[in-house]
Amino acid sequence: MRLSRGLIGLLAFLAGSAALSWEVLWQHCSSLFLGASALGAAITLAVMMVGMTVGAVGGGRLIGWIRARGSDDLLVRPLRIYAGLEAVVGLSGLLLLPGFSVLEWFDRWLFVTAPAALQLGHAVGLVAVLGITAVAMGATLPALRLVASASGASLSRLYGLNTFGAAVGALGVAFFAVPAFGIESTSHLAAAVNLTVALVAFLAGRGTGSPAPIAAVVAATPSRTRGRYL
């Protein structure tokens, strides 16, 4: 199976819609399980942004390290890398509500035993529940650049579609999906989108035709931009 550039763009759009859908769901779950507060919302947003930053920077550094070791063959199937990251996001998203249930129990225990550490406990607990998903989301950005380079697709177009999908997903989840279906069903829907993107990308990554050699892409890239994937 091979992906056209149009289908790659559709996958970028769907992945973006699922990504920001998770952020809306995280805010809902944080309010339900830990109580609605401006500080709680800020902590949840901070965990998401830090996790995505770590994933994006770490993924770019890892790709640069692989290239520096002359192991470009590990990057020949960027669609498989992208599929793996989307699968991690979807599967970890399925653990959202169980994770917040455990965090709610931890919050009650901390309130009784060490109330002064409650806010710190919230931050640590949110990192434990959301950290893997947020890091994997961030790492899809450098992976998407690899996909664009290997397929000849426009990177700016893919990022634009990904961002547009994020806006559509956030609005759709906040104003339609959660009121109509509830948090649990909406989280299953978002996970299904991630896993569908992962499956299509993985099957496309098994295509017999080899994508453009990564080394050739690097050679054609200005030296000041090499290694940057953000």
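Residues numbered from 1 in each chain as written. Predicted model: local features only at pLDDT ≥ 70, side-chain atom pairs only at ≥ 80, totals over all residues. Heavy atoms only, no water.

## Considerations on the overall build of the protein
Reasoning step 1: If you tally the helices and strands in the protein, you get 7 helices and 0 strands.
Reasoning step 2: Walking the protein from its N terminus toward its C terminus, one meets helices and strands in the order α-α-α-α-α-α-α.
Reasoning step 3: A total of 230 residues make up the protein; the buried ones form 43% of that total.
Reasoning step 4: Long-range pairs, those at least 24 residues apart, make up 85% of the contacts in the protein between residues at least 6 apart in sequence.
Reasoning step 5: Accessible surface, the protein as shown: approximately 11,400 Å² in total, 70% of it carbon and sulfur. (Helix = DSSP H or I, 4+ residues; strand = E, 2+ residues; numbered from the N terminus. Buried < 20%, exposed > 50% of the residue type's maximum accessible area, 1.4 Å probe, protein only. Contact = heavy atoms within 4.5 Å. Areas by Shrake-Rupley, 256 points an atom, 1.4 Å probe, with all protein chains shown as cover.)

## Here we look at the nonpolar core
Reasoning step 1: Formed by 26 residues in total, the largest nonpolar core has its most connected members in Trp22, Leu25, Trp26, Leu96, Phe100, Leu126 and Leu130.
Reasoning step 2: Elements supplying a minimum of two residues to this core: α1 (5-34), α2 (38-68), α4 (96-113), α5 (118-151) and α6 (155-205).
Reasoning step 3: Contacts of Leu130, omitting those with residues within four sequence positions, involve Trp26, Thr44, Val47, Leu96 and Phe100. (Core = buried A, V, L, I, M, F, W, Y, C linked by side-chain atoms within 4.5 Å.)

## Section: the packing of aromatic side chains
In this description, a pair of aromatic rings is defined by centroid distance and the angle of the planes.
Reasoning step 1: Summed over the entire model, instances satisfying the criterion amount to 3 aromatic pairs.
Reasoning step 2: On the basis of an interplanar angle of 25 degrees and a centroid distance of 6.0 Å, the ring pair of Phe106 and Trp109 is categorised as stacked. One end of the pair, Phe106, and the other, Trp109, are both in helix α4, 3 residues apart, so they sit about a helical turn from each other.
Reasoning step 3: Judged by its relative accessible area of 27%, Phe106 falls in the partly exposed class. (Phe/Tyr/Trp six-rings, centres within 6.5 Å; stacked < 30°, edge-to-face > 60°.)

## Focus: the confidence of the model for the protein
Reasoning step 1: Per-chain confidence: the protein averages 82 in pLDDT, with 84% of residues scoring 70 or above.
Reasoning step 2: Here residues 208-230 scores under 50 on pLDDT; set against residues more than four positions off or in separate chains, the count is 36 contacts. (pLDDT = per-residue confidence, 0-100.)

## Digging into the layout of surface pockets
Reasoning step 1: What the largest pocket holds in volume is close to 270 Å³.
Reasoning step 2: Gly16, Ala19, Met52, Leu141 and Asn162 are the residues nearest the centre of the largest pocket, which is lined by 18 residues in total.
Reasoning step 3: When residues of the lining of the largest pocket are traced back to their parent elements, those giving at least two are α1, α2, α3 (78-93), α5 and α6. (1 Å grid on protein atoms, 1.4 Å probe; cavity = no way out; pocket = protein on both sides within 12 Å on 5 of 7 lines; lining within 4 Å. Points joined across faces, edges and corners; volume = space filled by probe spheres on them.)

## Section: a nonpolar patch on the surface
Reasoning step 1: Taken together, the side chains of Val50, Val54 and Val135 make up a nonpolar region of the molecular surface, amounting to roughly 230 Å² of accessible area.
Reasoning step 2: Among the structural elements, Val50 can be located in helix α2. (Patch = residues over 30% accessible without salt bridge, like charges linked within 9 Å, V, L, I, M, F, W, Y side chains within 5 Å. Salt bridge = Lys/Arg side-chain N within 4 Å of Asp/Glu carboxyl O.)

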